[in-house]
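Close look at the chain arrangement
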Amino acid sequence: MMGKFMLAIFMLEVALISAFSIQELKSLAPRRRETVEEKGDYLIICTQEPIELGIVLDSSSSIPRKDFRIAKKFLQDFLKQFDIGTGENDVRVSIITYGKGIYPEDAFNLTSYATKEQVLEAIGNVPHRAGLFTDTGKAIKYMHEVQLNNAVVRPEAEKVSIVITDGNSQIWRETKAEAESARNDGITIFAIGVGLGIRDEELSNIAGDETRVTKVDNFSKLESIKESLARTTCIKKEKPTTPQMVESPTCGEVNPADIYFVFDPAQLGLDAIAWTTSIISLTLDTEDMNNGFQYGVISGTCPDDAGFDLDDYNNVDDIKKRLQDYDRSKVKDLLQYLGTKAYTAEHGGRENSKKVAVLSLGKDIKSLGDLKSQITELNNQGIQVFIADYYNRNIEIEGAATLFGRGSRQVSEDLVNRLCPNLAATK
């Protein structure tokens, strides 16, 4: 198995760099260029062939945000080994992402950028859409018919595509047909499957040949694919001194926020409570949400939610009246506390931070009364309100944005993307 794995990597690397093509065989003097790769204190300079490279990247909900960043980092590191530019002997790059359909608004084409630096930055800026589908076939079709169309590629350059996915496409026949069409049009496709869930048949349908299929256990192991690339006529050269890269600020450093998660345990129920606490945990675990953010939870109205002692009441009527409080939804009281006290300096609120509230709703929303007026009042106080709905009912309340997704991970990622619309895409 390991031998087959290494062979697949080797074939991937050789093909991407030497661009074995019919065009080469017909030419006695194939076009060549030099590429430079950093290796610590020295550089490796190699000759390579021109390539039109179309990247097809899975951006479905099954890929955690952290792993999507790893995939982008892998692509950036891999492309650093090529001379990317507009010259006739350079490598040109395009990318299309997909999930529920394709995302051309996030794509770029072969002629979109003129330098390697621009391409690497653009890949870093590709956002994770967490689509609730795996439309691999549509993405391959877009790469073939739009990005690597014969009208835009250079006739002397090899057409190569890399498809990175962690799951099986729901419309597998479409994926197979579109990949076959692209290959018949001269595009060499390499399929990289990540994780244990993707079938070998899916990858073979994409690549058309098992020697162009590579599988890794997880996204972290993508790093191994870019190592030891096949080269010809390579030499070592001392590396020149370069200025140190300045790290980009995190989302929280640019847009600090004080975030409260608000929920009434009695109104939610046990399953929805577990779902809500999972959203909170996943958000806290997100790297982008570590610096510059403060978190709080409002889930009770003590001392009303506490019990009572043996000598607190002297008659049955008073006890029954107190018991009625446990059946009453506390959401209205929680939102009132949120708007009047929660963001004050006494409770940790910061003057220059955005005020954010995530309200988790249970099954019985009719008992909550007029949420709209309370949310409007919160908006007037500068509080941005999000709704997390365990029952995924597409609730619409003016002044509040309903977070997308049934799963807690999807809801958490949607929250992060909404709070960090710009910086989230660069991580």
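Nothing here was measured: the structure is a model prediction, and the numbers come from that model.

**Considering the nonpolar core**
Counting residues in each nonpolar core, the largest one holds 29 residues, and the members touching the most others are I55, L75, L79, V93 and I164. Broken down by secondary-structure element, the contributors of at least two residues to this core are β3 (51–58), α3 (65–79), β4 (92–99), α4 (116–124), β6 (158–165) and β7 (187–194). The element best represented in this core is α3, accounting for 6 residues. Beyond its immediate chain neighbours, meaning those up to four positions away, L79 contacts L53, I55, I84, V93, K116, V119, L120 and I123.

**So, the environment of G193**
With respect to the helices, strands and loops of the structure, G193 is situated in strand β7. With relative accessibility at 0%, the residue G193 sits in the buried group. Along the primary structure G193 and L203 are separated by 10 residues, whereas in three dimensions their C-alpha atoms are 6.8 Å apart.

**Some points on the sheet that holds strand β13 (residues 383–389)**
One open sheet accounts for 5 strands, arranged β11-β10-β12-β13-β14; its pairing is parallel. What marks the edges here is a single partner per strand, and that holds for β11 (293–298) and β14 (400–402). Going from strand to strand, the sheet's axes swing by 25° on average, the running direction of each strand aside. Sheet analysis places strand β10 (residues 257–262) next to β11, joined by 6 bridges and oriented parallel. Residue pairing across strands places Y260 opposite G296, the latter belonging to β11. Each of β10, β11, β12 (354–361) and β13 touches helix α12 (residues 331–342); the most contacted strand, β10, lies at about 160° to it. Seen against the sheet, helix α13 (residues 371–380) touches β12, β13 and β14 and runs at an angle of roughly 145° to β13.

Conventions adopted
Residues numbered from 1 in each chain as written. Predicted model: local features only at pLDDT ≥ 70, side-chain atom pairs only at ≥ 80, totals over all residues. Heavy atoms only, no water. Core = buried A, V, L, I, M, F, W, Y, C linked by side-chain atoms within 4.5 Å. Buried < 20%, exposed > 50% of the residue type's maximum accessible area, 1.4 Å probe, protein only. Helix = DSSP H or I, 4+ residues; strand = E, 2+ residues; numbered from the N terminus. Contact = heavy atoms within 4.5 Å. Pairing = 2+ DSSP bridges. Axes fitted to C-alpha atoms, helices over the stretch in contact; angles between N-to-C directions.

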